[in-house]
Amino acid sequence: MDWTDADAAEQARKGDQQAFRVLVERHSQSIFRLAFRMTGNEQDAEDTVQETFLRAYKQLHRFDGRAAFSTWLYRICANCSLDLIRARKSRKEQQDSTGEGATAHWLERVAARDPSPERLSQSRQIANLLEPALQRLSEIERTAFVLRHYEGCDINQIADVLGVGANAAKHSVFRAVQKLRRALQPAWEVGAR
Amino acid sequence: MTHPDEEQLVQAYYGEIDDAFHHHLEECPECAATFDRLKEMLDSVSDYPVPERNSAYGAEVWARLVPHLPLAQPRPGWLRWWVLGPVLATLLTVAFLAGRFTEQRQTGISTTARERVLLMAISDHLERSQIVLTELVHADPQAADLASERDRARDLVSENRLLRETAVHMDDPSVVALLDQLERVLVDVANSPSALPPDDLAALQQRIESEGLLFKVRVTGANTREKGQKL
């Protein structure tokens, strides 16, 4: 059945699990992408996807339809990701997920597209610097940047996800870019040599 | 126009600045160079690949999610899916076989329609099998009460045999092979005590994992449903 998101959410709220299934199957890929970019780790992203839909199901009665269902789901996913990142920090597991293994995995995939020595060198630099730099952003900055840069959300959607005003969302994106630019500067110096 | 500040350059990168800005860039080499450096940096971080997920990913997420969803309001016992499911599947399959056997004598009966019905019945059966398998795989060997899974496996066994028979008639060897494999596990579960010894449950879980049964059931179920919907 070709339900719109709003129709499916309405039916799911009335207890129709098949309607919720439509929403899960429709949005799983995009939620996984967001979760992966927020957490930087495949297994954490999988856990976040599951937790996102579970929370969404339990909170369906709060979805009032004013924002798009996908935006509402993004908000839940962003919050789940942040919860997981906080828990990971508190368990001091951050080093494992941002250390050599994760970076090498990321690098392999980037380098495979263009194996020239210069590109490889710069990719290695960026790979070494990007994930730790993303991790050092504040929660709001990271969320804003991921949504703007990777998910293509506009400022109003980001503001909605973060629960802040449009100017604050815009400024969060800017601060994130500023910080990343500083963090990645060494990679460009290598590229310039 | 005055020289844009850094925040305006970032907004411009994301397409949030009007044409006047771009006009300024054409006339101001200094700003153009600054913008190019920013663009190069932001373009480079776009190269942040996400592991790919196949087209059945949504169905896989759903299968993992279902056991954790809070139960809906209880319905009368005879309306529960594990009671209605086998009955409906049996009716559908009998209708399919009856159609096959009378096909030569009747004209105007749509083979496509019968095939679609069967594909949806198989998909439905695999989905319910998947739920039982998922619960088995995630059961704690030290504290598992499998009475519910055992009862559902018993229903699924007879349904599985009927669907397998029909799949043979349809000449679909991959589905036949999967239903064969599934039946062996379902039979073991159906004949097990509700309190399965931890070692036996662990062995069963290992078997499901090593044969990749859950994955095959998920993928075949999703593919079968998709195929049925396209008919």
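To be clear, the structure that these remarks concern was listed above.
Described below are features of the structure shown in this document. (Residues numbered from 1 in each chain as written. Chains lettered and ligands numbered in written order. Predicted model: local features only at pLDDT ≥ 70, side-chain atom pairs only at ≥ 80, totals over all residues. Heavy atoms only, no water.)

**A look at the overall build of chain A**
Secondary structure summary: chain A contains 10 helices and 0 strands in total. Each helix and strand of chain A, ordered N terminal to C terminal, gives the series α-α-α-α-α-α-α-α-α-α. When each of the 193 residues of chain A is scored for burial, the buried share is 49%. Sequence separation of at least 24 residues holds for 63% of the intrachain contacts in chain A that already meet a minimum separation of 6. Accessible surface, chain A: about 9,100 Å² in total, of which carbon and sulfur atoms supply 47%. (Helix = DSSP H or I, 4+ residues; strand = E, 2+ residues; numbered from the N terminus. Buried < 20%, exposed > 50% of the residue type's maximum accessible area, 1.4 Å probe, protein only. Contact = heavy atoms within 4.5 Å. Areas by Shrake-Rupley, 256 points an atom, 1.4 Å probe, with all protein chains shown as cover.)

**Looking at the overall build of chain B**
Secondary structure summary: chain B contains 10 helices and 0 strands in total. Going residue by residue from the N terminus, the α and β elements of chain B occur as α-α-α-α-α-α-α-α-α-α. Among the 231 residues that make up chain B, the fraction classed as buried is 45%. A total accessible area of about 12,100 Å² is found for chain B, and carbon and sulfur atoms account for 53% of it.

**A word on the packing of aromatic side chains**
The description of an aromatic ring pair uses the distance of the two centres, along with the angle that the planes make with each other. With the rule as written, the count across this model stands at 10 aromatic pairs over all chains. Taken together, a centroid distance of 5.3 Å and an interplanar angle of 90° make the contact between Phe63(A) and Phe69(A) edge-to-face. Look at Tyr13(B) and Tyr14(B): their rings are 5.0 Å apart centre to centre, the planes differ by 85°, and that puts the pair in the edge-to-face class. Its relative accessible area of 18% is what places Tyr13(B) among the buried residues. For Tyr14(B), a relative accessible area of 13% gives the class buried. (Phe/Tyr/Trp six-rings, centres within 6.5 Å; stacked < 30°, edge-to-face > 60°.)

**Some words on helix H3 (residues 29–45) of chain B**
Between its first and last C-alpha, H3(B) extends 25 Å over 17 residues, near the 24 Å set by a 1.5 Å rise per residue. For H3(B), the full list of buried residues reads Cys31(B), Ala32(B), Phe35(B), Leu38(B), Met41(B), Leu42(B), Ser44(B) and Val45(B). (Expected span 1.5 Å × (residues − 1).)

**Comments concerning the side chain of Thr71(A)**
Within the secondary structure, Thr71(A) is located in helix H4 (residues 69–90). Excluding anything up to four places from it in sequence, Thr71(A) contacts Gln157(A), Asp160(A) and Val161(A).

**A word on the packing of helix H2 (residues 17–39) of chain A against helix H3 (residues 42–58) of chain A**
Residue and element names in this part refer to chain A. Across the interface, H2 lies against H3 with an axial gap of 8 Å and an inter-helix angle of 140°. Accordingly, the angle class assigned to the pair H2 and H3 is oblique. Read as a crossing pair, H2 and H3 show a hand that is right-handed. Where H2 approaches H3, its residues Gln 17, Phe 20, Leu 23, Val 24, His 27, Ser 28, Ile 31, Phe 32, Ala 35, Phe 36 and Thr 39 are matched on the opposing element by Glu 42, Asp 44, Ala 45, Glu 46, Thr 48, Val 49, Thr 52, Phe 53, Ala 56 and Tyr 57. (Axes fitted to C-alpha atoms, helices over the stretch in contact; angles between N-to-C directions. Parallel < 35°, antiparallel > 145°, perpendicular 65-115°, else oblique. Left-handed = near helix turned anticlockwise from the far one by under 90°.)

**Topic: the packing of helix H6 (residues 111–138) of chain B against helix H9 (residues 198–210) of chain B**
Residue and element names in this part refer to chain B. Relative orientation of the contacting elements H6 and H9 amounts to 125°, with a least axis distance of 9 Å. In terms of axis orientation, H6 runs oblique to H9. The interaxial crossing formed by H6 with H9 has left-handed handedness. Touching Leu 133, Leu 136, Val 137 and His 138 of H6 are Leu 201, Leu 204, Gln 205, Ile 208 and Glu 209, all from H9. Class assignment of the residues belonging to the contact of H6 with H9 gives a composition of 6 nonpolar, 2 polar and 1 charged. (Nonpolar A, V, L, I, M, F, W, Y, C, P; charged D, E, K, R; others polar.)

**Comments concerning the environment of Gln125(A)**
All names here are of chain A. Note on placement: Gln 125 falls in helix H7 (residues 117–136). Classification of Gln 125 by relative accessible area gives partly exposed; the value is 24%. A C-alpha to C-alpha distance of 7.6 Å links Gln 125 and Pro 186, two positions 61 residues apart in sequence.

**Quick word on the interface of chain B and chain A**
Each partner contributes to the interface: chain B provides 37 residues, whereas chain A provides 46 residues. On the chain B side of the interface with chain A, the three residues burying the most area are Asp47(B), Tyr48(B) and Trp62(B), jointly 19% of the side's total. Across the contact surface, chain B and chain A share 6 salt bridges. For the salt bridge of Glu16(B) with Arg148(A), the shortest nitrogen-to-oxygen distance reads 2.9 Å. Secondary structure elements with two or more residues in the side of chain B that touches chain A: helix H1 (6–13), H3 and helix H4 (57–65) of chain B. Tallying contributions element by element places H3(B) first for the side of chain B that touches chain A, with 8 residues. The class makeup of the residues in the side of chain B that touches chain A is 19 nonpolar, 8 polar and 10 charged. (Buried area = accessible area lost by both parts, 1.4 Å probe. Salt bridge = Lys/Arg side-chain N within 4 Å of Asp/Glu carboxyl O.)

**A few points about the nonpolar core**
By size, the foremost hydrophobic cluster in this structure holds 79 residues, and its most contacted members are Phe20(A), Phe53(A), Leu130(A), Phe145(A), Ile158(A), Val177(A) and Leu42(B). Of the residues forming this core, the biggest block, 10 residues, is contributed by H2(A). Once residues within four sequence positions are removed from consideration, Val177(A) is found in contact with Phe145(A), Val10(B), Tyr14(B), Leu38(B), Met41(B) and Leu42(B). (Core = buried A, V, L, I, M, F, W, Y, C linked by side-chain atoms within 4.5 Å.)

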